[in-house]
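Residues per chain, in single letters:
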Amino acid sequence: MASTRTSAQPKLTKAQEAQALLRHMLTIRVLDERMLKLQRAGRVGFAGSATGLEASIIGSAWALRPQDWLWSGLREGGAAVMRGMPLADYIAQMYCNSNDSAKGRQMCNHFQHKGTNYPSWSSVIGTQIVHGVGAAYAAKLRGVDEVHAIYGGDGSTSSNGFHSGLNFAGVWKVPCYFVIIDNGWAISVCSRNQTAAKSYADKAAAYGLPGFEVDGNDVTAVVAASRKCHALALKHQPSLLVLKSYRMMGHSSSDDPTKYRDEKEVAAWQKRDPINAFEKKLLAAKLIDKKHRAKAEAEIAAMIDAEIHHQEAAPKMALKTLVEDVYAEVPRHLRRQYNSFIAVAERLGHATPGDGAFPL
Amino acid sequence: MATLTLIQAVNDALKTAMRTDPNVLVFGEDVGPKGGVFLATDGLTKEFGEKRCFDTPLSEDGIVGAAIGMATNGLKPIAEIQFQDFIFPAFDQIVSEAAKLRYRSGGQYTCPLVIRTPYGGGIRGGLYHSQSGEAYFCHTPGLKVVIPSTPYDAKGLLLASIDDPDPVLFLEPKALYRSVKGEVPEGRYTVDLSTLRTAREGTGVTVFCYGAMVPVCLRAAEQAAAKGIECHVVDLRTLLPLDEEGVIDAAKRTGRVVVVHEAPRFCGFGGEISAILAENCIEWMEAPIVRVTGFDTPFPNTLEHHYMPDDRRVLDAVEHVWNY
Ligand SMILES: Cc1ncc(C[n+]2csc(CCOP(=O)(O)OP(=O)(O)O)c2C)c(N)n1
Ligand SMILES: [Mg+2]
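In this report, we go over the structure that sits alongside the text.

Calculation rules
- Residues numbered from 1 in each chain as written.
- Chains lettered and ligands numbered in written order.
- Predicted model: local features only at pLDDT ≥ 70, side-chain atom pairs only at ≥ 80, totals over all residues.
- Heavy atoms only, no water.
- Helix = DSSP H or I, 4+ residues; strand = E, 2+ residues; numbered from the N terminus.
- Contact = heavy atoms within 4.5 Å.
- Polar contact = N/O pair within 3.5 Å; in protein donor to acceptor, adjacent residues only side chain to side chain.
- Near = heavy atom within 4 Å.
- Areas by Shrake-Rupley, 256 points an atom, 1.4 Å probe, with all protein chains shown as cover.
- Nonpolar A, V, L, I, M, F, W, Y, C, P; charged D, E, K, R; others polar.
- Pairing = 2+ DSSP bridges.
- Axes fitted to C-alpha atoms, helices over the stretch in contact; angles between N-to-C directions.
- Buried area = accessible area lost by both parts, 1.4 Å probe.
- Salt bridge = Lys/Arg side-chain N within 4 Å of Asp/Glu carboxyl O.

**Topic: the environment of Gln-84 of chain B**
All names here are of chain B.
Okay, step 1: In this structure, Gln-84 sits in the loop between β4 (76–80) and α4 (91–98).
Okay, step 2: Sequence separation of Gln-84 and Ser-130 is 46 residues, and the distance between their C-alpha atoms is 8.0 Å.
Okay, step 3: Residues contacting Gln-84, with those up to four places away along its chain left out, are Thr-117, Pro-118, Tyr-119, Gln-131, Ser-132, Gly-133 and Leu-171.
Okay, step 4: Only 2.5 Å separates the side chain of Gln-84 from the backbone nitrogen of Gly-133, close enough to count as a polar contact.

**What about the site of ligand 1?**
Okay, step 1: Not every one of the 19 residues close to ligand 1 is listed here, only the nearest: Arg-75, Ser-123, Asn-183 and Trp-185 of chain A together with Glu-60 of chain B.
Okay, step 2: With respect to ligand 1, the chains having nearby residues are chains A and B.
Okay, step 3: A distance of 2.7 Å separates an oxygen atom of ligand 1 from a polar side-chain atom of Arg-75 of chain A.
Okay, step 4: The contact in question runs from an oxygen atom of ligand 1 to an N or O atom on the backbone of Gly-155 of chain A, over 2.8 Å.
Okay, step 5: Relative to its unbound accessible area of 580 Å², ligand 1 is 95% covered by the protein chains.
Okay, step 6: Here the shell around ligand 1 is built from residues that sort into eight nonpolar, seven polar and four charged.

**A few points about the sheet that holds strand β9 (residues 197–200) of chain B**
Residue and element names in this part refer to chain B.
Okay, step 1: Spatial ordering of the open sheet is given by β9-β11-β10-β13-β14, a layout of five strands whose pairing is mixed. A single partner strand is all that each edge strand has here, and the edge strands are β9 and β14 (290–294). For this sheet the average axis-to-axis angle between neighbouring strands, irrespective of direction, equals 25°.
Okay, step 2: The pairing of strand β10 (residues 205–209) with strand β11 (residues 231–235) spans five bridges and is parallel. Bridge pairing links Phe-208 to Val-234 in β11.
Okay, step 3: Helix α9 (residues 244–254) contacts β10, β11 and β13 (257–264) of the sheet and is inclined by roughly 150° relative to β10.
Okay, step 4: The strands touched by helix α10 (residues 269–281) are β10, β13 and β14; relative to β13, the strand with the most contacts, the crossing angle is about 155°.

**Thoughts on the interface of chain A and chain B**
Accessible area lost upon the coming together of the parts serves often as the stated size of an interface.
Okay, step 1: Taken together, the contact pairs 40 residues of chain A with 36 residues of chain B.
Okay, step 2: Both faces combined, the contact of chain A with chain B buries some 3000 Å², and carbon together with sulfur accounts for 63% of it.
Okay, step 3: The tally of links from chain A across to chain B stands at three salt bridges.
Okay, step 4: The partner of Asp-42 of chain B in a salt bridge is Lys-259 of chain A, with the nearest N and O atoms 2.6 Å apart.

In short, shape yes, function no, at least from these values alone.
So, in structure tokens, the structure goes:
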């Protein structure tokens, strides 16, 4: 599943494409369920889910070709998995263990995957928006055929990065597009309190960009809109795509949403669940049968559980990672700091062989 | 007197200030109905209405910039930045504007505002939910920088910060939010800014610390006492403007000094303490001044317990200067 490539398989039949989209959405759903359980069990520190946003995330990334980049805004880890990030990387990141490609330095839910052009994300909302524009400028200048899809949440539209990013993109005419997943909430701040604009898509006009708003729970509509934005980006016309959806869970495992939002609103969106809607559509079109979803879910769950098992057995984190990667080389002052630290750690029995001192 | 956690004391201070002065208002991300991600502002919107405690759009630059405008026009804004790690979009507003307004206007315009923000590690927050950025702000003339370590001080210092005629950055040690409890008087009282607190008396080694490092140093002091070394532990409480005389006096008491902070070492606050002592009382020093700090690296996640100074590292330094 992780190896299924994206959009750019025009050769897929309609049924194959539909089944692949469903499967990728289910992967996010099952991953989120499992991660939340692990968090509750104290195995991972924190979990932020994308439940309800699967069509927005999968549908929008479906338009990307392997060489395109996805600049994540927060919850797009499932798109990275769809584009080829191994489940092992995803789950190791959640465990922040020694198998994690970021060496356990970031908190949970901060994915990266160089192999599928999914750059490392800081937690700082909105900063990546401008990075994506700069990278798109680089692609244009270097004559590389790449599109940069730049993601953010509704909250990110208030950041300095959103303004600078859209403004620069408009002036520079670079191969990128912006995907804003309006899930109704930025933690406890509802979209009504985030902007006075009727739609976040209205903001595009101020930067001279085309702006579109689409039902983010309708994966078919999201795929079509993203393809349009992707095609524009290929012509160096940036655009803003707003996907209207809803964050079904709390902001994260640390958040209690009942304190600030009406359960009736959640219940109304529950009826519009993007996976249920798509499944229904595929059943009606006879592209899947009744057993399809349960079978797919079981297969996905088995893969995830096997990987969880594997990650539980990760070796201890090397202490040297404390001072590595700050610079290309570990500078003298950091070697010294580490060496005096490890001397104490060794004395106290906290170090393992291999943790030893740096040469000075 | 009630026994409160540090976060409850912050909440109590905010309510006390808002009850006594209708011009005091609180705003930031998620401070309204949710009551803040750590619940520092719990119940404020309910009691004071959404004109006086409200959520803003997601822009720290907007939050602090608007607070400056309010402060110039008769209000007493208390802005919350959700994590100190996210204050940097507002750095310009704090450093270029709030801190310099009085000076550049010849005292015609002033900026009496408070920016509250949780700082520091220990919650498995990784690079961007753990930093201790006090040194950036202590390099900013015109700003005051305050860090409590007890519930009593949290309330008293916050009320004093709200009373202060100048901009105050109030850094709250999030690791202590719920892990320390203490007696807190009801109603209004203040703790003077720019005063030190002696957290433990001793004549052997002086340990300077603040915020979340205070309980760490007290634990180390206890272990040192068992080995016959009496530590004099000083909680700095206000980093800027610092009570320099108090620092010098405390250092002279023992002639042996350890400075502890979780922020990186290079150009950290420990360097300032060392320099003040070197300039003013080097002849009193019986041993080199030793710093125990975070590494000069970004803040890690999985290995954060190794990054942050703990009682053993502090004890190690105390023994070193004692035996020197
Ligand atoms: C600059 C900055 N300020 C505050 C935060 C804390 N924070 C993390 S996520 C978030 C809300 C984000 O909302 P949105 O952009 O809508 O994304 P969503 O969580 O809904 O996917 C906030 C305020 C942050 N990470 N960065
Ligand atoms: Mg949102």
